[in-house]
Amino acid sequence: MTDMFSIKGKVAVITGAGGVLGGSIALSLSKAGAKIVVLDIRKENIDRKLEELKKQGGEAVGFVCDVLNMDSLKETADKIVAQWKQIDILINCAGGNVPGATLLPDQTIFDMKIEDWEKVTQLNQTGTVFPCLVFGKVMSERKEGSIITISSMATYSALTRVPGYSVAKTGINIFTKWMATELAQKFGDGIRVNAIAPGFFIGDQNRAILINPDGSYTDRSKKVLAKTPMGRFGDINELNGIVQFLCSPAASFITGAIIPVDGGFSAYSGV
Ligand SMILES: NC(=O)c1ccc[n+]([C@@H]2O[C@H](COP(=O)([O-])OP(=O)(O)OC[C@H]3O[C@@H](n4cnc5c(N)ncnc54)[C@H](O)[C@@H]3O)[C@@H](O)[C@H]2O)c1
């Protein structure tokens, strides 16, 4: 019997794969036998990740690609198809917060920098929609594929201080459901689109807001942990299982889902 969780030989395109979450997902899918396409806007991030992937013994290629630029995405899709003929998996990890769209503790919403609001919306919404259009179209030709978008706990209820990021990620939720519906209705049940909603993981983008320079937890960290039934932050590698599952035949009837990976944060009222 074939392994229902197998993704062996699948071609997996990961945007932002030079970053913290995308990088961990890349290494994990590679260990499971997928061929990895590392996309990032920063060449140094790509080179570092390719070296790690090759050390692990996996097949991988990398391209500098801007998720906000349709021409860059289309050129990249052509190169991938020329090399590996198809695209089976797309993981949209390029994204994140933009400092000026985060309010300092003594600021109000009226202090938010408008240009940073626009940047955070662009990066998170357009930066997911465009890759889904370009790589999803390649999948639509074979009527087969799995797309994963990255949502956030900031879409379940208001998280103070991050208005732009919260609104942008909430757009990802409805886009995921919309795209799942569209692809299933027009191209059949072989292309699935799902989101994962990570809880709190310490990454480069949120370290300063969660960890003091002396290594202790900030007041915000303590509030997060108090509302997390498991009482701890996530380990970056704890997203990898759900990603592989969603890309595998085991998830063949799952589309349009938004799956929290949050130690119970979204389940708990805090009281
Ligand atoms: N770290 C967390 O706790 C956490 C929690 C919830 C959601 N997320 C989300 O997960 C995703 C990945 O987060 P991360 O912590 O790995 O971020 P990261 O900053 O470590 O990685 C993001 C990567 O995307 C690349 N990138 C930026 N702009 C790009 C563009 N225009 N085109 C192509 N690549 C671009 C960056 O160079 C970087 O390598 C983001 O969407 C983030 O919002 C993270």
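Here the residue numbers are simple positions, counted from 1 along each chain's written sequence. Local features in this predicted model are restricted to residues whose pLDDT is 70 or higher, and side-chain atom pairs enter the listing and the counts only when it is 80 or higher, whereas totals over whole chains, interfaces and linings include all residues.

Undergrad: It is not clear to me how the overall build of the protein chain should be interpreted in this structure. Could you clarify?
TA: Looking only at helices and strands, the protein chain features eight helices and seven strands. Radius of gyration: over C-alpha atoms. The globule rule applied is 2.2 Å multiplied by the number of residues raised to the 0.38 power. Scaling as 2.2 N^0.38, a compact globule of 271 residues should have a C-alpha radius of gyration of about 18 Å, and the protein chain matches this with 18 Å. Overall, the protein chain is about 55 × 40 × 40 Å in size when its C-alpha atoms are taken along their principal axes. Taken over 271 residues, the protein chain has a buried fraction of 42%. For every residue pair, C-beta atoms are placed from the backbone, and the pair is scored as a contact if these atoms sit within 7 Å. Of the contacts made within the protein chain by residues no fewer than 6 positions apart, 72% connect residues no fewer than 24 positions apart. Only DSSP runs of H or I reaching four residues or more are called helices, and only runs of E reaching two or more are called strands; each is numbered from the N terminus. Exposure is read from a count of other C-beta atoms within 10 Å of each residue's own; the residue is exposed at 12 or fewer, buried at 20 or more and partly exposed in between. C-beta atoms are placed from the backbone.

Undergrad: Help me understand the site of the ligand, please; the structure alone is not making it clear to me.
TA: We call a residue near a molecule or strand when the C-beta position, derived from backbone atoms, sits within 6 Å of it. Within the structure, the ligand sits among 30 residues, and Gly16, Gly19, Leu21, Gly95 and Gly203 are positioned closest to it. In terms of residue count, the dominant contributor to the shell around the ligand is helix α1 (residues 20-31) (three residues). By residue class, the composition of the shell around the ligand is 13 nonpolar, 13 polar and four charged. Charged means Asp, Glu, Lys or Arg here, nonpolar means Ala, Val, Leu, Ile, Met, Phe, Trp, Tyr, Cys or Pro, and polar covers whatever is left, Gly included.

Undergrad: Help me out: how do you make sense of the sheet that holds strand β6 (residues 191-198) in this one?
TA: Hydrogen bonds along the backbone pair up the strands of a sheet, which may run parallel or antiparallel. With respect to topology, seven strands assemble into an open sheet ordered β3-β2-β1-β4-β5-β6-β7, the strand pairing being parallel. On the outer flanks of this sheet lie β3 (60-64) and β7 (258-261), each paired with one strand and no other. Each strand of the sheet is rotated relative to its neighbour by a mean of 20°, with strand direction disregarded. At least two bridges found by DSSP between two strands is the condition for calling them paired. Of the pairings in the sheet, the one linking strand β2 (residues 35-40) to β3 comprises five bridges and is parallel in character. Pairing of Val37 across the sheet is with Val61, part of β3. Only the stretch in contact is used when a helix axis is fitted, and all axes are lines through C-alpha atoms; the angle between N-to-C directions ranges over 0 to 180 degrees.

Undergrad: What is the right way to look at the environment of Glu75 in this model?
TA: The topology assignment puts Glu75 in helix α3 (residues 70-84). Residue class for Glu75 comes out partly exposed when judged on the 14 C-beta atoms lying within 10 Å of it. With 12 residues separating them along the chain, Glu75 and Phe63 place their C-alpha atoms 10.0 Å apart.

Undergrad: What exactly am I supposed to notice about the nonpolar core here?
TA: Considering soluble globular proteins, one finds that nonpolar side chains tend to be buried as a cluster. A set of buried Ala, Val, Leu, Ile, Met, Phe, Trp, Tyr and Cys residues, joined through C-beta atoms within 7 Å, is what we mean by a nonpolar core. Counting residues in hydrophobic clusters, the biggest one holds 56 residues, and the most contacted among them are Ala12, Val13, Ile14 and Ile36. In terms of residue count, the dominant contributor to this core is helix α4 (residues 114-142) (seven residues). Apart from the residues lying within four places of it in its own chain, the contact partners of Ala12 are Leu29, Ala34, Lys35, Ile36, Val37, Asp88, Ile89 and Ile91. By size, the runner-up hydrophobic cluster in this structure holds seven residues, among which are Val98, Val120, Leu123 and Tyr165.

Undergrad: How should I be thinking about the packing of α1 against helix α2 (residues 43-55) in this particular structure?
TA: In a pair of packed helices, the angle between the axes and the distance between the axes together describe the arrangement. As a packed pair, α1 and α2 sit with axes 10 Å apart at the nearest point and diverge in direction by 25°. Accordingly, the angle class assigned to the pair α1 and α2 is roughly parallel. Seen along the crossing, α1 lies across α2 with a hand that is right-handed. Judged by residue contacts, Gly23, Ala26, Leu27 and Ser30 of α1 engage Lys49, Glu52 and Leu53 from α2. Classifying every residue of the contact of α1 with α2 gives three nonpolar, two polar and two charged. An angle below 35 degrees is treated as roughly parallel, one above 145 as roughly antiparallel, one from 65 to 115 as roughly perpendicular, and anything else as oblique. Rotating anticlockwise by less than a right angle from the far helix to the near helix defines a left-handed crossing, while the corresponding clockwise rotation defines a right-handed one.

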